[in-house]
Amino acid sequence: MKKIIIANWKMYLDRKGLMNLLNKIKFPGLRSKVFDLVVCPPFTVLSDIQKAISHMAMTVGLGAQDCFWAERGAYTGEISPADLVEFGCRYVIIGHSERRKHLKETDEMINLKLKAALAAGLAPIFCVGETAEERGSGGAEASVLGQLQKGLADVKVKKNQKILIAYEPVWAIGTGKSCEPKDAVKMHQFIKKEIDAPVLYGGSVDDKNVLSYVKEAAIDGVLVGGASVKPEVFSSLLKEVATLK
Ligand code: PGA
């Protein structure tokens, strides 16, 4: 199976910065048989990025970083999943730990968002992961299982649809302290017992460590934050993954 690389551009760069980034990234596997690439810019630049990637030789998928759970209505400031589809998005990140932390998103809200995204025809990238305390006290699996079970309650993934799980230990995100590949593999195998879906690893992935993850059969790809907005590092990361047989 092809590996999946998702660039989570977060709120790191402005429009000009992101357009420059896209121009500077070198895509080694133009017709890559090895990986699929998805970029997730902020809402405000979805349209610009969508136009830019539609002119590129390599197929690049477009994703958003969040969506709301209702299709339409009096929800000031929110974005409908249907509107993301209209902007060319095929993916949407849901339940990222930064939203759980800063926006107080709950498992129940995430559950509604997952259902709404699937109903609109988007492929959700559902993020789960334990905190340092939970791992320290031996509660990593229980924490991830709780998030999975609550997030996926009554979620039906139809035959022609897909959902991706991103295992992102909170302590590894943006810290440079990436999870040991063998620990990530263990958690991925654990998650795959719960749901039959591709599972990506995220948390301080860069060009130096990416192969140690994607060479593992249990790791279907990576979700990359900080390293995806550094053109040299991200180009070198893509080159590394393209060497996979
Ligand atoms: P990071 O972020 O690669 O900067 O650790 C990953 C993520 O939050 O998706």
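Structure first, text after, so check above.
Caption draft 1: Geometry of the packing of helix α1 (residues 15-24) against helix α2 (residues 46-54). Their axes nearest at 11 Å, the elements α1 and α2 cross at an angle of 15 degrees. Here α1 lies roughly parallel to α2, going by the angle between them. Read as a crossing pair, α1 and α2 show a hand that is right-handed. Judged by residue contacts, Arg 15, Leu 18, Met 19 and Leu 22 of α1 engage Asp 48, Ile 49, Ala 52 and Ile 53 from α2. Partitioned by chemical class, the residues of the contact of α1 with α2 number six nonpolar, no polar and two charged.

Caption draft 2: Inspection of the site of the ligand at higher detail. Looking at the ligand, there are 13 residues lining it, with Lys 10, His 96, Glu 168, Gly 174 and Ser 204 nearest. Take Lys 10: an N or O atom from its side chain is 2.7 Å from an oxygen atom of the ligand. Coverage of the ligand by the protein chains reaches 97% of its 280 Å² of free accessible surface. Assessed atom by atom at 2 Å from the grid points, the ligand resides in the second largest pocket. Classifying every residue of the shell around the ligand gives four nonpolar, seven polar and two charged.

Caption draft 3: Spotlight on the packing of aromatic side chains. Evaluated as defined, the whole model comprises four aromatic pairs. Between the aromatic rings of Phe 68 and Tyr 75, the centroid separation amounts to 4.7 Å while the plane-to-plane angle is 45 degrees, which identifies the pairing as tilted. Of the residues examined, Tyr 75 reaches a relative accessible area of 39% and is grouped as partly exposed. Here Tyr 201 and Tyr 213 contribute two aromatic rings whose centre-to-centre distance is 4.3 Å and whose plane-to-plane angle is 15 degrees, an arrangement assigned as stacked. Of the two residues, Tyr 201 sits in strand β7 (residues 199-202) while Tyr 213 sits in helix α9 (residues 210-214), which places them twelve residues apart along the sequence. Both residues of the pair, Tyr 201 and Tyr 213, count as buried. Among the aromatic side chains, those forming a connected cluster through ring pairs are Phe 68, Trp 69 and Tyr 75.

Caption draft 4: Geometry of the pairing of strand β3 (residues 60-64). The buried count for β3 comes to five of five residues, which makes it a mostly enclosed element. Along β3, one buried face is formed by Val 60, Leu 62 and Ala 64 and the opposite face, lined by Gly 61 and Gly 63, is buried too. Summarising the sheet, strand β2 (residues 35-40) and β3 pair through three bridges and their orientation is parallel. Note on β3: the bridge partner recorded for Leu 37 is Val 60.

Cut-offs used in this document
- Residues numbered from 1 in each chain as written.
- Predicted model: local features only at pLDDT ≥ 70, side-chain atom pairs only at ≥ 80, totals over all residues.
- Heavy atoms only, no water.
- Axes fitted to C-alpha atoms, helices over the stretch in contact; angles between N-to-C directions.
- Helix = DSSP H or I, 4+ residues; strand = E, 2+ residues; numbered from the N terminus.
- Parallel < 35°, antiparallel > 145°, perpendicular 65-115°, else oblique.
- Left-handed = near helix turned anticlockwise from the far one by under 90°.
- Contact = heavy atoms within 4.5 Å.
- Nonpolar A, V, L, I, M, F, W, Y, C, P; charged D, E, K, R; others polar.
- Near = heavy atom within 4 Å.
- Polar contact = N/O pair within 3.5 Å; in protein donor to acceptor, adjacent residues only side chain to side chain.
- Areas by Shrake-Rupley, 256 points an atom, 1.4 Å probe, with all protein chains shown as cover.
- 1 Å grid on protein atoms, 1.4 Å probe; cavity = no way out; pocket = protein on both sides within 12 Å on 5 of 7 lines; lining within 4 Å.
- Sits in = over half its atoms within 2 Å of the grid points.
- Phe/Tyr/Trp six-rings, centres within 6.5 Å; stacked < 30°, edge-to-face > 60°.
- Buried < 20%, exposed > 50% of the residue type's maximum accessible area, 1.4 Å probe, protein only.
- Pairing = 2+ DSSP bridges.

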